Each structure stands twice: as C-alpha cells, then as structure tokens.
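Chain and residue survey
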Amino acid sequence: EAQVTQNPRYLITVTGKKLTVTCSQNMNHEYMSWYRQDPGLGLRQIYYSMNVEVTDKGDVPEGYKVSRKEKRNFPLILESPSPNQTSLYFCASSSFGDYLEQPQHFGDGTRLSIL
Amino acid sequence: RKEVEQDPGPFNVPEGATVAFNCTYSNSASQSFFWYRQDCRKEPKLLMSVYSSGNEDGRFTAQLNRASQYISLLIRDSKLSDSATYLCVVIHSGGYNKLIFGAGTRLAVHP
C-alpha cells in the first residue's frame, strides 16, 4: 500500500529537549516536504527536499532542521524546541511527473506539544 | 495579505442543501489549483483538481476564474458525510511542487 508514515503521532515534551519526527514514504517519490498547521493559518511549509541531499527552506524554517540521506526518509529535527512550535505537523511526498493530478500524499500527522 | 484566502465559516447547512465556497489567490503566476478536504485535523486529502474550463465530479463542481483570481467549489445535495474543512490550494509556477494552502472553510451539514 502506498503511504507516508510519520512517527510519533503524538508527543508532549519540554522546552529545549531535542526531538526528531520521522517521515518515510514507499512510493519512490523525489519530492518530500514538511508542513505545520495552526488554527487560522492553514498549512505552512517548513522545509522541502527535491531529492537525496537536496533540501531547502520553506516559509517557516526557523527552529527546524531536516536531512535527506535516503530517498524514502525525510526526518524533521527540532534541536531546541520551544512552545511556539506546538502544532500539528504533516509530512508529504510527491513525484514530479504527476503533480498536476495528485500533488501530494500526506502522512497522518504528528501532534507536538512543547511545554 | 495572505496568498490564498478563504472564508473560514463555519457554513451550517441542512442535508440536501447546495453550498458554495470561494477562494481568492493573490499571485497571478499561480499555475495549478486544487480543493482538498480535511476531517477533524487529519491529513488533507485531494478532493479534486480545478481546471480552467471548470470540472465536475458527482455532486462537486469546481470552477476557476483566472481574470478575477478566484476558485469556487459547489456542493449539491449535501450529505452529513460532507462535514469537513475544505482547503483551497494553489501551486505557483517555478519548477517544484510548492503548495500554498488557504486556511480552510469549515462545513457542517446537519440533519
């Protein structure tokens, strides 16, 4: 089954404690992306990757890091989480060839609470 | 000003009603347009693409007006299961798949 898998689904942690949210896709997609969703603001892109070892900032990259060492994985790293990073996070992937018809496949989401 | 703007709602309608959502976008270079559906803070799922000529999928009709830079979604014969948040999404031209999301319009269909 084609899917994007995020872990963990829920996490409550404290300010300053480094955390990583993993994202893995099994569709051999080149493009992967992280979004955060906050009430009234919609989904905003944090980082994206166009292929292995190719990453770039989205609209709200501050406080986040990513890496793309393998095509299937695109972890999101919060080196020193702060309460303003409390949000719902989505990972997504797509293939460049078919983005007009099926732009992105989304993971189930990760709800982070930073106390 | 947000790049993609939607009326947040909520739209409270009875079953069987027809309801329409509008969405405006500010970047005239926007290339592709979509409506996504999102249930209860779950992942967004593609509802339909929006083509220049307008397109229909069952009870759902999407239209694009490039001159006025707005997109619409019409839902006919609303069902309880249509209750969700509807996200307007645009992609700019520029060589990669960057989606710009509206904040969403919430629809609540009641018996």
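As a starting point, this report considers the structure included with it. This structure is a prediction, so every number in the text was calculated from the model and none was measured.

1. As for the overall build of chain A
Within chain A one finds zero helices and 11 strands. Secondary structure of chain A in N-to-C order comes out as β-β-β-β-β-β-β-β-β-β-β. For 115 residues, the compact-globule estimate of 2.2 N^0.38 gives 13 Å, and chain A sits close to it at 13 Å. Considering only contacts in chain A between residues 6 or more positions apart, those separated by 24 or more positions represent 54%. Total accessible area on chain A stands at roughly 5,400 Å², and carbon and sulfur atoms take up 50% of it. Distance from the positive charge centre (12 side chains) to the negative charge centre (12 side chains) of chain A: 8 Å.

2. Quick notes on the pattern of salt bridges
One pass over the structure, following the stated rule, counts 10 salt bridges over all chains. Shared partners join several salt bridges into a network, and the residues in it are Lys18(A), Lys65(A) and Glu79(A).

3. A word on the packing of aromatic side chains
Overall, the coordinates contain 11 aromatic pairs over all chains when judged by the stated rule. Ring geometry for Tyr35(A) versus Phe101(B): centroids 5.5 Å apart, planes at 80°, classification edge-to-face. Of this pair, Tyr35(A) sits in strand β4 (residues 31-38) while Phe101(B) sits in strand β10 (residues 99-101), which puts the two residues in different chains. Grouping residues by exposure puts Tyr35(A) and Phe101(B) together as buried. Following the ring pairs from residue to residue traces out a cluster consisting of Tyr35(A), Phe90(A), Phe106(A), Tyr36(B) and Phe101(B).

4. Observations concerning the state of the cysteines
Residues and elements named next belong to chain B. Inspection of the entire model under this criterion finds two disulfides over all chains. The disulfide partner of cysteine 23 is cysteine 88, and the gap between their sulfur atoms is 2.0 Å. Taking the sign of the S-S torsion, about -70° here, the bridge from cysteine 23 to cysteine 88 comes out left-handed. Of this pair, cysteine 23 sits in strand β3 (residues 19-25) while cysteine 88 sits in strand β9 (residues 84-92), placing them 65 residues apart in sequence. The burial state of cysteine 23 is the same as that of cysteine 88; both residues are buried.

5. Some details on the interface of chain A and chain B
Of the residues lining the interface, 27 residues belong to chain A; the matching set on chain B comes to 23 residues. When chain A packs against chain B, the two sides together hide about 2,100 Å² of surface, and 52% of this comes from carbon and sulfur. Our enumeration of links across chain A and chain B arrives at zero salt bridges. On inspection of chain A and its partner chain B, the count reaches two residue pairs in polar contact (both at pLDDT 80 or more). Of all the secondary structure elements, the ones that give two or more residues to the side of chain A that touches chain B are β4, β5 (42-51) and β9 (87-94) of chain A.

Conventions adopted
Residues numbered from 1 in each chain as written. Chains lettered and ligands numbered in written order. Predicted model: local features only at pLDDT ≥ 70, side-chain atom pairs only at ≥ 80, totals over all residues. Heavy atoms only, no water. Helix = DSSP H or I, 4+ residues; strand = E, 2+ residues; numbered from the N terminus. Rg over C-alpha atoms; globule rule 2.2 N^0.38 Å. Contact = heavy atoms within 4.5 Å. Areas by Shrake-Rupley, 256 points an atom, 1.4 Å probe, with all protein chains shown as cover. Lys, Arg positive; Asp, Glu negative; His and termini not counted. Charge placed at Lys NZ, Arg CZ, Asp CG, Glu CD. Salt bridge = Lys/Arg side-chain N within 4 Å of Asp/Glu carboxyl O. Phe/Tyr/Trp six-rings, centres within 6.5 Å; stacked < 30°, edge-to-face > 60°. Buried < 20%, exposed > 50% of the residue type's maximum accessible area, 1.4 Å probe, protein only. Disulfide = S-S within 2.5 Å. Buried area = accessible area lost by both parts, 1.4 Å probe. Polar contact = N/O pair within 3.5 Å; in protein donor to acceptor, adjacent residues only side chain to side chain.

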